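Residue strings, one per chain:
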Amino acid sequence: MAGSGVPQAGTVPAASIQLPGIVLGVGLGGFVDGILLHQLLQWHHMLTGTDHDRIGVKYYSPRTVPGLEMNTVWDGIFHAVCWIAVLLGLAILYSRVTHNRRRVWTSRVLWGWILVGWGLFNIVEGLLDHQILAIHHVHGGPYQVWWDMGFLLLGLLLIIGGLLLQRGGKAFDPEAPGGGSRLARSA
């Protein structure tokens, strides 16, 4: 029955794209971090803060060839994990949405959950790698704490923006020609 909050037969509740959206967001957010901050801007690599880390990892200076080689290997491992997250998110999404996939890709719900996943990536990576382990910082130097806090703030803003975006989106019935009965959004 439409409007009862219970999905009708043949419908895909918005919550069913929550997990793949978040997993995609984690992987894509990691790629933005790795490509922009590690490669293009070269502000840090995975192990550039290990001269002051909290776990005793050997320091590999990015200003030496051997140090840059080791940091590049760890950046590659990081990118491989991001790639696996994107593939996993796509696989989960593909398995859950079997019809009218184009409508899912244009859905504010999916893109909202992707932003939430990206924000979660920033929060977890920022707290774990920048604060707890201190294996690198967003941008090392005298203002690194501000760069790290900005990274966490961006993560929080992405989560809030993603939640607002998906909340304002329309859930849909992928079987229906027009796509549109409203469904529950919570997991």
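Residues numbered from 1 in each chain as written. Predicted model: local features only at pLDDT ≥ 70, side-chain atom pairs only at ≥ 80, totals over all residues. Heavy atoms only, no water.

**Student:** Explain the overall build of the chain residue by residue, including any values.
**Tutor:** Helix and strand counts for the chain come out as five helices and zero strands. Long-range contacts, defined here as pairs at least 24 residues apart, represent 71% of the contacts in the chain between residues at least 6 apart. For the chain, the exposed area adds up to about 10,200 Å²; of that, 69% sits on carbon and sulfur atoms. (Helix = DSSP H or I, 4+ residues; strand = E, 2+ residues; numbered from the N terminus. Contact = heavy atoms within 4.5 Å. Areas by Shrake-Rupley, 256 points an atom, 1.4 Å probe, with all protein chains shown as cover.)

**Student:** Go over unusual backbone geometry, please, and point to the residues and values.
**Tutor:** Positive phi outside glycine occurs at glutamine 42, with the angle close to 55°. Considering the arrangement of structural elements, one finds glutamine 42 in the loop between helix H1 (18–40) and helix H2 (65–96). By relative accessible area, which is 57% here, glutamine 42 ends up exposed. Phi at alanine 134 is positive, roughly 55°, even though this residue is not glycine. With respect to the secondary-structure elements, alanine 134 resides in the loop between helix H4 (108–132) and helix H5 (144–167). (Buried < 20%, exposed > 50% of the residue type's maximum accessible area, 1.4 Å probe, protein only.)

**Student:** So, the side chain of serine 61: which residues are in play, and what are the values?
**Tutor:** Inspection of the secondary structure assignment puts serine 61 in the loop between H1 and H2. Setting aside residues up to four positions removed in sequence, serine 61 forms contacts with Gly67, Leu68 and Asn71.

**Student:** Please provide a residue-by-residue account of the nonpolar core, values included.
**Tutor:** Judged by nonpolar contacts, Ile17, Ile22, Leu24, Val86, Leu93, Val97, Val104, Val109, Leu110, Trp113, Ile114 and Val116 together constitute the single largest core of 12 residues. If you list the elements that add at least two residues to this core, you get H1, H2 and H4. Among the elements that take part in this core, H4 stands out by supplying five residues, more than any other. Grouped together as the second largest cluster of nonpolar side chains are 10 residues, Met46, Phe78, Val138 and Phe151 included. (Core = buried A, V, L, I, M, F, W, Y, C linked by side-chain atoms within 4.5 Å.)

**Student:** How would you explain a nonpolar patch on the surface if you had to name every residue and give the values?
**Tutor:** A grouping of Trp83, Ile84, Leu87, Leu90, Trp105 and Trp111 is seen on the molecular surface, where their side chains present a nonpolar patch of about 600 Å² in accessible area. Sorting elements by how many residues they give to the nonpolar patch places H2 first, with four residues. Summarising the element assignment, isoleucine 84 is placed in helix H2. A relative accessible area of 51% means that isoleucine 84 is categorised as exposed. (Patch = residues over 30% accessible without salt bridge, like charges linked within 9 Å, V, L, I, M, F, W, Y side chains within 5 Å. Salt bridge = Lys/Arg side-chain N within 4 Å of Asp/Glu carboxyl O.)

**Student:** Explain the packing of H4 against H5 residue by residue, including any values.
**Tutor:** Following both chains from N to C, one finds H4 and H5 inclined at 160°, their axes separated by 7 Å at the closest point. Comparing the axis directions of H4 and H5 gives the class roughly antiparallel. Considering how the two elements wind past one another, H4 and H5 form a crossing that is left-handed. Broken down by class, the residue content of the contact of H4 with H5 amounts to 20 nonpolar, nine polar and three charged. (Axes fitted to C-alpha atoms, helices over the stretch in contact; angles between N-to-C directions. Parallel < 35°, antiparallel > 145°, perpendicular 65-115°, else oblique. Left-handed = near helix turned anticlockwise from the far one by under 90°. Nonpolar A, V, L, I, M, F, W, Y, C, P; charged D, E, K, R; others polar.)

**Student:** Quick rundown of H2? Include the residues and the values.
**Tutor:** Counted at 1.5 Å a residue, the expected span for H2 with its 32 residues is 46 Å, and the 46 Å between its end C-alpha atoms agrees. Every buried residue belonging to H2 is among Gly67, Asn71, Asp75, Phe78, His79, Cys82, Ala85, Val86, Gly89, Ile92 and Leu93, and all of these are buried. Check the buried side of H2 and you find it contacts H1, helix H3 (101–105) and H4. Sitting at the amino-terminal end of H2 is threonine 64, which places a side-chain oxygen 3.0 Å from the backbone nitrogen of glycine 67. (Expected span 1.5 Å × (residues − 1). Polar contact = N/O pair within 3.5 Å; in protein donor to acceptor, adjacent residues only side chain to side chain.)

**Student:** Could you give an account of the packing of aromatic side chains, with specific residues and numbers?
**Tutor:** As enumerated under the stated definition, the model contains three aromatic pairs in all. For the pair phenylalanine 78 and phenylalanine 121, a centre-to-centre distance of 6.1 Å together with 45° between the ring planes defines the contact as tilted. Taken as a pair, phenylalanine 78 in helix H2 and phenylalanine 121 in helix H4 lie far apart in primary sequence, 43 residues in all. Comparing phenylalanine 78 with phenylalanine 121, the two get one shared label, buried. Here the aromatic rings of tryptophan 105 and tryptophan 111 are separated by 6.3 Å at their centres, their planes lie at 55°, and the arrangement is tilted. (Phe/Tyr/Trp six-rings, centres within 6.5 Å; stacked < 30°, edge-to-face > 60°.)

**Student:** Before we move on, could you go through the layout of surface pockets and cite the residues and values that matter?
**Tutor:** Left-over empty space is what a probe sized like a water molecule reveals as it rolls over the atoms. Of the pockets and cavities examined, the largest pocket occupies roughly 390 Å³. What lines the largest pocket is a set of 18 residues, and nearest its centre among them are Trp43, Thr48, Pro62, Arg63 and Gly140. Tallied by class, residues from the lining of the largest pocket come to five nonpolar, 11 polar and two charged. Volume-wise, the second largest pocket comes out at about 180 Å³. In terms of lining, the second largest pocket is formed by 13 residues, of which the most central are Leu36, Leu37, Asn122, Phe151 and Leu154. For the lining of the second largest pocket, the elements supplying multiple residues, two or more each, are H1, H4 and H5. (1 Å grid on protein atoms, 1.4 Å probe; cavity = no way out; pocket = protein on both sides within 12 Å on 5 of 7 lines; lining within 4 Å. Points joined across faces, edges and corners; volume = space filled by probe spheres on them.)

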